[in-house]
Amino acid sequence: MSGASFFASRTITFYMARMFLVRFASVLAALVIVLLALDLLGESGDILAYPGNGNAQLWLYATLRTPQIIARFLPFAALLATLITFVTLNQNSEIISMKAAGVSAHQILAPLVVASLGVAAVSFTFNERVVARSSATLTAWQNANYGPIPRDRGVVSNVWVRDGDDLIHAVTARGRGAQTRLDQVTIYDRDGGRLLSIVKGKLGVQKAGGWEIANASRFDVTLGTTSTLPVFAFARGVTPDRFTLSSVDPASKSILQLRSAIQDLEAAGRPTGPLRAGLWHKLSGPLSAVLMPLLAAVAAFGLARSGRLFVRAVIGMALGFAYFVADNFALAMGNLGAYPPFLAAWAPFLLFLLIGETVLIRTEE
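About the thresholds
- Residues numbered from 1 in each chain as written.
- Predicted model: local features only at pLDDT ≥ 70, side-chain atom pairs only at ≥ 80, totals over all residues.
- Heavy atoms only, no water.
- Core = buried A, V, L, I, M, F, W, Y, C linked by side-chain atoms within 4.5 Å.
- Buried < 20%, exposed > 50% of the residue type's maximum accessible area, 1.4 Å probe, protein only.
- Helix = DSSP H or I, 4+ residues; strand = E, 2+ residues; numbered from the N terminus.
- Contact = heavy atoms within 4.5 Å.
- Phe/Tyr/Trp six-rings, centres within 6.5 Å; stacked < 30°, edge-to-face > 60°.
- pLDDT = per-residue confidence, 0-100.
- Pairing = 2+ DSSP bridges.
- Axes fitted to C-alpha atoms, helices over the stretch in contact; angles between N-to-C directions.
- Salt bridge = Lys/Arg side-chain N within 4 Å of Asp/Glu carboxyl O.
- Parallel < 35°, antiparallel > 145°, perpendicular 65-115°, else oblique.
- Left-handed = near helix turned anticlockwise from the far one by under 90°.
- Nonpolar A, V, L, I, M, F, W, Y, C, P; charged D, E, K, R; others polar.

Side chains that are nonpolar tend, in soluble globular proteins, to be buried together. Core analysis: the biggest nonpolar cluster contains 52 residues, and Met 16, Phe 24, Phe 86, Met 292, Phe 301 and Tyr 323 have the highest contact counts within it. Those elements giving two or more residues to this core turn out to be helix H1 (10-49), helix H2 (55-91), helix H3 (94-100), helix H4 (105-143), helix H7 (273-295), helix H8 (309-336) and helix H9 (341-364). Tallying contributions element by element places H2 first for this core, with 13 residues. If we ignore the near neighbours within four places in the chain, the residues touching Met 292 are Pro 75, Ala 78, Leu 79, Thr 82, Tyr 323 and Phe 324.

How two aromatic rings sit relative to each other is given by the distance of their centres and the angle of their planes. This structure, assessed with the given rule, holds 15 aromatic pairs. Between Tyr 323 and Phe 352, the aromatic rings sit 5.6 Å apart at their centres with planes inclined by 80°, giving edge-to-face as the arrangement. With a gap of 29 residues between them, Tyr 323 in helix H8 and Phe 352 in helix H9 connect regions that are remote in the sequence. For the ring pair Phe 329 and Tyr 339, a centre distance of 6.4 Å and an interplane angle of 80° mean the geometry is edge-to-face. With a gap of 10 residues between them, Phe 329 in helix H8 and Tyr 339 in the loop between H8 and H9 connect regions that are remote in the sequence. Residue classification places Phe 329 among the partly exposed residues on the basis of a relative accessible area of 47%.

With that out of the way, let us pick up the confidence of the model for the protein chain. In this model, the protein chain carries a mean pLDDT of 87, and residues with pLDDT of at least 70 account for 95%. The spread of mean pLDDT over the elements of the protein chain runs between helix H5 (residues 241-244), the lowest at 76, and H1, the highest at 94.

Let's shift gears to the sheet that holds strand E5 (residues 210-220). Strands belonging to one sheet form pairs held by backbone hydrogen bonds; the direction of such a pair is parallel or antiparallel. Here we have six strands laid out as an open sheet, ordered E1-E2-E3-E4-E5-E6, and antiparallel in their pairing. Each having just a single partner strand, strand E1 (155-163) and strand E6 (225-234) make up the two edges of the open sheet. Strand-to-strand, the axes of this sheet are offset by a mean angle of 20°, without reference to chain direction. Pairing of strand E3 (residues 181-191) with strand E4 (residues 194-207), which is carried by nine bridges, proceeds in the antiparallel orientation. Following the sheet pairing, Arg 190 is matched in E4 by Leu 195.

In the structure shown here, the tally under the stated rule is four salt bridges. With a shortest N-O distance of 2.7 Å, Asp 183 and Arg 174 are connected by a salt bridge. Residue Arg 174 is classed as partly exposed on the basis of its relative accessible area, which comes to 36%. Across the salt bridge formed by Arg 218 and Asp 220, the nearest N and O atoms sit 3.6 Å from each other. Residue classification places Asp 220 among the buried positions, given a relative accessible area of 14%.

By the secondary structure assignment, Ala 344 is in helix H9. With 18 residues separating them in the primary sequence, Ala 344 and Ala 326 have C-alpha atoms 9.7 Å apart. Among residues more than four places away in sequence, those in contact with Ala 344 are Ala 277, Ala 330, Leu 331, Gly 334 and Tyr 339.

For the rest of this paragraph, the subject is the packing of helix H6 (residues 255-267) against H7. Interaxial distance between H6 and H7 falls to 10 Å at its minimum, and their mutual angle equals 160°. Regarding the angle of H6 to H7, the classification is roughly antiparallel. The two elements H6 and H7 meet at a crossing, and its hand is left-handed. Judged by residue contacts, Ile 255, Leu 258, Arg 259, Ile 262, Leu 265 and Glu 266 of H6 engage Leu 275, Arg 276, Gly 278, Leu 279, Lys 282 and Leu 283 from H7. Looking at the contact of H6 with H7 residue by residue, the classes come out as seven nonpolar, one polar and four charged.

As structure tokens, then:
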């Protein structure tokens, strides 16, 4: 189809896009108000349980929670808005009029798809600039039981770092940058996966681009002997941030921040599969709004006099909700390592894109 015939006409394009966007904004606002009220009812007891908390803290919670609700239910709003738009057009015989004028099914869908692309772009920007920050703040506040958020002391427990074949374990890593200190350090000296020796020390500090332990004990696995080393140097070139990295929440970081955290964790030898799935889903998630017109198109086409408009609307809604179920299932499988990260994020989108196109073609026939 040529670019000139992608849209039926300027009038139809703006009419349908405006109809969809108005209904989308209305549905999203209604969903946010209802869900925020229910969520606030469930959390208000915990918020007010902390001494000194009152209405100001309830409003703060609502402010922090609203962006998360918007991000999560925006695709639902797009689905419902598309269904309402198509049902309205079908009931008023506007779809039949457009088809009688020679407008194809894809041309009827085109304005809604383009409007959904705009919604997806706004959703992506909103997630990056607002949702990530509010999620990080809300998580820290909830971890403090809705009290004052404690200052980050820079202490990380049970740290494992890989340096080539060697494995390094520290009970705690504290401080930042040049002031980083490692407590109760154990170095597993390996060669090709074969353990050669185990070195232990109480305190690891940075020296000359690497790390040192004073008064370390070394156990030689081959000889079965233990010796004392006045100074033991290890992990040359390993930066402090590889020891001080803690758990990473994809929802609380932007794409650039998450990508940087993944690179640091990989350098430290830690698993990053779930984080990579979350990274890809930051792209596929907002794009799910583009699928909704295609999945809900079954409510637009077919003979209006058949009296099955409600059934077609239910089918469109079922397809949309089936996508969300498949998306959450794939992400769960990605977090468990059963699916590769790219497949976990994009397989449901591509699968339902094909399903929606197939349903559209069969319905049109």
